[in-house]
Amino acid sequence: MTALTIPGLDQAPTTHERLLSWVREVAELTTPDQVVWCDGSDAEWQRMTDRLVAAGTFTRLADKPNSFHAASDPSDVARVEERTFICSREAKDSGVTNNWMDPAEMKAIMTELYRGCMRGRTMYVIPFCMGPLTADEPKLGVEISDSEYVVASMRIMTRMGSAALERLGDDGDFVPALHSVGAPLEPGEQDVPWPCNDTKYITHFPEERMIWSFGSGYGGNALLGKKCYSLRIASAMARDEGWLAEHMLILKLISPENKVYYVAAAFPSACGKTNLAMLQPTIPGWKVETLGDDIAWMRFGEDGRLYAVNPEAGFFGVAPGTNWKTNPNAMRTIEQGNSLFTNVALTDEGDVWWEEMEGRPEHLTDWKGRDWTPEADEPAAHPNSRYCTPMSQCPILAPEWDDPKGVPISAILFGGRRKTTIPLVNESFDWQHGVFMGATLSSEKTAAAAGKVGEVRRDPMAMLPFIGYNVGDYFQHWVNIGKAADSSKLPRIFYVNWFRRGDDKRFLWPGFGENGRVLKWIVERIEGRATAAETPVGMVPSADSLDLSGLDTPASDVDESLKVDVEEWKAELPLIDEWFDTIGDALPSSMRDELAALKQRLGN
Ligand code: GDP
Ligand code: PGA
Ligand code: MN
Ligand code: MN
């Protein structure tokens, strides 16, 4: 058989046989006009952004250097959980938190979708590394994509290009990650600014460590190093190898006495990770530095402590609500430019704007390209609009952010968005109880995923859409991590809720920079200095142990935010029962024991 000649296919800057044959196989299936091997250079960024401007996908911003606005197709604005599949060989290894399909069946369906799907487009080969390039065993991947938007975004979000290819060498291991927007072009056909397909599949083959994505250009569906690799595939790797791949920010907290604590926190999408990661504490003397805002990989160090690394190199942050008051460090990061903004509004001066940003524009172009005035009944920016910006520009970036050793974690926080029931902060009795808190974490649905917003659902460890294997086995893995460790060296586990509301729907706790007060209490608990009241659900700050000096929130609201209401908790129990029942036999007996103990403490 004579091999198909596709321009660029044979100009590979590598002799890696497995990579070369995979690239050829995909090119022959998808039949792009040409193949381009990405090097991650400035010149390549320039070519991509120029092409995207010419295609009408990007608008260059007048006010921020080297920055661009993109508006997606209105149907392609968030992760699509109902189209996300874990194609493990056996259905039981996928579990109840993601969809399952037999891998052979899925490959047959998707192969037909991929056939000819890059016609009229360029196929990019994007080598990337998740985590520091200097790691002993760097976690490498190669994404194939027919989207320039993906190439540009991957350059911000990952260590991408020649350096990653170099670390791959001639026979290094990598995760193949195939992506297509699924919008082939006929000869002469005019492209649309945001090509995508109504049929979408976000598919993972955990045993093969492989990702196939089709039909979407949106971040979490298309930037395959992020959720697909660093959470779904990595969680399966972590189970096999005894570490944790989690949906967590990593921050460094520095006390007035210059003591350093590293904290990791798991909140569901759009529940405050990026904000907490860049916190500017209001209490004097306390400082935060940022290491990561979305994903943490944690493994035991030689000293028996749990060390965390952020696999990413950029922030993919929720735009609405971000402003100089709530998150000044995010504003300072994006102000320097080199950023992409998706589905925000454009000002008449050629800058970006979104809800709750400073300034009261009289006229905007909304994310759908329509004229917008303050009278409009829809927000100007989509609620899940995003900025994509390099971590290196963050003014409070911790210097050790790129250290392959990671940082030793002292506290793990779980949290969600709950109007009722869940107190502002609550410390677990021990590791296993902390795992139970994570396993029963609940939150109101946000715009970060397609579907109804506001509904309360269980979101275990904020990983519901991201666990790459059976959720019951995942809980057992967490329990085992605790058993494997010297308990005095394990991080302490806390459950937080910044989103509890009063009668008139107001937030009881002011949040944002004031959350530093909660971090202070957590540190003082670790140091054995702060007191707590023992409640049926955990250890909650006692009256005077939370530093409230200079806070203008009424004390009654703070009290209300801390309250453990036995009746509310009793109403929560059937929901937890129901959740555990859906997990079935795979649920560890220790989690049932924890639930029984909670019921008993509540007098149920
Ligand atoms: P992430 O998606 O988990 O990283 O969440 P973000 O930090 O991007 O925040 C999501 C949304 O929640 C944004 O609109 C924020 O302004 C808002 N938010 C974040 N932290 C707080 C908080 O402490 N209190 C309140 N009320 N809102 C918050
Ligand atoms: P988020 O990240 O958690 O910052 O919202 C994106 C996502 O989870 O979809
Ligand atoms: Mn996330
Ligand atoms: Mn975020």
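Residues numbered from 1 in each chain as written. Chains lettered and ligands numbered in written order. Predicted model: local features only at pLDDT ≥ 70, side-chain atom pairs only at ≥ 80, totals over all residues. Heavy atoms only, no water.

Before going further, it helps to spend a moment on the overall build of the protein. A count of helical and extended segments in the protein gives 15 helices and 30 strands. Relative to its length of 604 residues, the protein is compact, with a C-alpha radius of gyration of 24 Å against a globular reference of 25 Å. With the C-alpha coordinates of the protein rotated into their principal frame, the extents come out at 75 × 55 × 45 Å. Looking at the 604 residues of the protein, the share that counts as buried comes to 62%. (Helix = DSSP H or I, 4+ residues; strand = E, 2+ residues; numbered from the N terminus. Rg over C-alpha atoms; globule rule 2.2 N^0.38 Å. Buried < 20%, exposed > 50% of the residue type's maximum accessible area, 1.4 Å probe, protein only.)

As a further point, take the nonpolar core. Grouped together as the largest cluster of nonpolar side chains are 156 residues, with contacts concentrated most on Leu276, Met298, Trp354, Leu413, Phe475 and Trp478. With near-sequence residues (within four places) excluded, Trp354 lies in contact with Ala319, Pro320, Gly321, Thr322, Met331, Ile334, Phe341, Val344 and Ala381. Core analysis: the second largest hydrophobic core is formed by 34 residues, Val23, Cys129, Leu178 and Phe214 among them. (Core = buried A, V, L, I, M, F, W, Y, C linked by side-chain atoms within 4.5 Å. Contact = heavy atoms within 4.5 Å.)

With respect to the secondary-structure elements, Trp243 resides in the loop between α7 (225–241) and β11 (244–246). Overall, the relative accessible area of 1% leaves Trp243 in the buried class. Through-space distance from the C-alpha of Trp243 to that of Leu413 is 18 Å; in sequence the pair is 170 residues apart. Among residues more than four places away in sequence, those in contact with Trp243 are Lys139, Ala234, Met237, Ala238, Trp297, Met298, Arg299, His477 and Ile481.

With that settled, consider the packing of aromatic side chains. Given two aromatic rings, one states the distance between the centres and the angle between the planes to describe the pair. For the structure shown, the criterion picks out 23 aromatic pairs. Considering the side-chain rings of Tyr114 and Trp212, the 5.6 Å spacing of their centres and the 80 degrees angle between planes classify their relative orientation as edge-to-face. Of this pair, Tyr114 sits in helix α3 (residues 103–114) while Trp212 sits in strand β10 (residues 210–214), and the two are 98 residues apart along the sequence. For the pair formed by Tyr114 and Trp212, the shared burial category is buried. Between Tyr469 and Tyr474 the ring centres are 6.1 Å apart and the planes differ by 70 degrees, which places this aromatic pair in the edge-to-face class. Exposure remark for Tyr469: the relative accessible area of 1% places this residue in the buried category. Following the ring pairs from residue to residue traces out a cluster consisting of Trp45, Phe58, Phe68, Tyr149 and Trp194. Over the aromatic face of Trp243 sits the side chain of Arg299, whose NZ or CZ is 4.6 Å from the ring centroid. A cation over a ring is seen here: Arg501 above Phe507, with NZ or CZ 4.0 Å from the ring centre. (Phe/Tyr/Trp six-rings, centres within 6.5 Å; stacked < 30°, edge-to-face > 60°. Lys NZ or Arg CZ within 6 Å of the ring centre and 35° of its normal.)

Strand order in this open sheet of 5 strands is β2-β3-β18-β23-β17, and the pairing throughout is mixed. Strands at the two margins of the open sheet, each flanked by one partner only, are β2 (58–60) and β17 (314–318). Ignoring which end each strand starts from, the neighbouring axes of this sheet average 20 degrees apart. Across the sheet, helix α2 (residues 42–54) lies against β2, β3 (68–70) and β18 (340–342), angled at about 105 degrees from β2, the strand it touches most. (Pairing = 2+ DSSP bridges. Axes fitted to C-alpha atoms, helices over the stretch in contact; angles between N-to-C directions.)

This brings us to a negative patch on the surface. Taken together, the side chains of Asp63, Asp348, Glu349 and Asp371 define an acidic patch exposed on the protein surface. Its place among the elements puts Glu349 in the loop between β19 (345–347) and β20 (352–353). On the basis of relative accessible area, Glu349 is assigned to the exposed category, the value being 59%. (Patch = residues over 30% accessible without salt bridge, like charges linked within 9 Å, V, L, I, M, F, W, Y side chains within 5 Å. Areas by Shrake-Rupley, 256 points an atom, 1.4 Å probe, with all protein chains shown as cover. Salt bridge = Lys/Arg side-chain N within 4 Å of Asp/Glu carboxyl O. Lys, Arg positive; Asp, Glu negative; His and termini not counted. Charge placed at Lys NZ, Arg CZ, Asp CG, Glu CD.)

The next subject is the side chain of Glu355. Its place among the elements puts Glu355 in the loop between β20 and β21 (364–365). Arg370 provides the closest opposite charge to the buried, salt-bridge-free Glu355, at an N-O distance of 10.0 Å. At 2.7 Å, the side chain of Glu355 and the backbone nitrogen of Ala380 are in polar contact. (Polar contact = N/O pair within 3.5 Å; in protein donor to acceptor, adjacent residues only side chain to side chain.)

Where strand β29 (residues 532–535) meets strand β30 (residues 538–541), 4 bridges bridge the pair, whose relative direction is antiparallel. Across the sheet, Ala533 pairs through a bridge with Val540, a residue of β30. Hairpin connection, β29 to β30: the antiparallel pair is bridged by 2 residues.

To continue, consider the coordination of the manganese ion (ligand 3). Lys227 (NZ), His247 (NE2) and Asp294 (OD) make up the full set of protein donors to the manganese ion (ligand 3), lying at 2.0 to 2.2 Å. One can describe the donor arrangement at the manganese ion (ligand 3) as irregular, given that its 6 donor atoms subtend angles of 63 to 167 degrees at the metal. Ordering the donors of the manganese ion (ligand 3) by residue number gives the pattern K-x19-H-x46-D. The two metals, the manganese ion (ligand 3) and the manganese ion (ligand 4), are separated by 5.5 Å. Pair noted here: Lys227 is in helix α7 and Asp294 is in the loop between β14 (287–292) and β15 (296–300), with a separation of 67 residues, a long-range link. In this structure, Lys227 and Asp294 share a single accessibility class: buried. (Donors = N, O, S within 2.8 Å, 3.2 Å for Na, K, Ca; no water. Tetrahedral: all angles 85-135°; square planar, octahedral: opposite > 155°, others 65-115°.)

As a further point, take the UniProt feature "binding site: GTP" (unreviewed entry) in the protein. Mapped onto the present numbering, the UniProt feature "binding site: GTP" (unreviewed entry) falls at Ala270, Cys271, Gly272, Lys273, Thr274, Asn275, Arg386, Arg417, Phe512, Gly513, Glu514 and Asn515. Taking the farthest pair of C-alpha atoms as the criterion, the annotated set spanning 246 residues is dispersed, since that pair is 24.0 Å apart. Among the annotated residues just listed, those that line the largest pocket are Ala270, Cys271, Gly272, Lys273, Thr274, Asn275, Arg386, Arg417, Phe512 and Asn515. Structurally, Cys271 can be placed in the loop between β13 (260–266) and α8 (273–277). Classification of Cys271 by relative accessible area gives buried; the value is 2%. Each residue touching Cys271, except ones within four places of it in the same chain, is listed here: Arg417, Ser443, Thr446 and Phe499. (UniProt positions renumbered as here; feature names shortened; annotations may be inferred. 1 Å grid on protein atoms, 1.4 Å probe; cavity = no way out; pocket = protein on both sides within 12 Å on 5 of 7 lines; lining within 4 Å.)

A side chain with one charge may pair with a side chain of the opposite charge, provided their charged atoms come close. One pass over the structure, following the stated rule, counts 41 salt bridges. In this structure, Glu208 and Lys107 form a salt bridge, with 2.6 Å as the shortest nitrogen-oxygen distance. With Glu208 in the loop between β9 (201–205) and β10 and Lys107 in helix α3, the pair connects residues that are 101 residues apart, well separated along the chain. Glu208 sits in the partly exposed class, given a relative accessible area of 38%.

Here the focus is the site of ligand 2. Around ligand 2, the neighbouring residues are Arg79, Lys227, His247, Ser269, Ala270, Lys273, Asp294, Arg386 and Phe466. Contact distances for ligand 2 include 2.8 Å between an oxygen atom and a side-chain N or O atom of Arg386. Notes on ligand 2: free accessible area 270 Å², of which the protein chains cover 97%. Comparing atom positions with the cavity grids shows ligand 2 to sit within the largest pocket. (Near = heavy atom within 4 Å. Sits in = over half its atoms within 2 Å of the grid points.)

Once that is clear, we can look at the site of ligand 1. Around ligand 1 there are 18 residues in total, and Ala270, Gly272, Lys273, Thr274 and Asn275 lie nearest to it. For ligand 1, an oxygen atom lies 3.3 Å from a polar atom in the backbone of Cys271. Within the backbone of Gly272, a nitrogen or oxygen atom sits 2.8 Å from an oxygen atom of ligand 1. Here ligand 1, which alone exposes 580 Å², has 91% of that area covered by the protein. Judged by the proximity of its atoms to the pocket grid, ligand 1 belongs to the largest pocket.

Below, the discussion takes up the sheet that holds β21. One open sheet holds the 4 strands; their spatial order is β20-β19-β21-β22, and the pairing between them is antiparallel. In this open sheet, the two edge strands, each paired with only one partner strand, are β20 and β22 (371–372).

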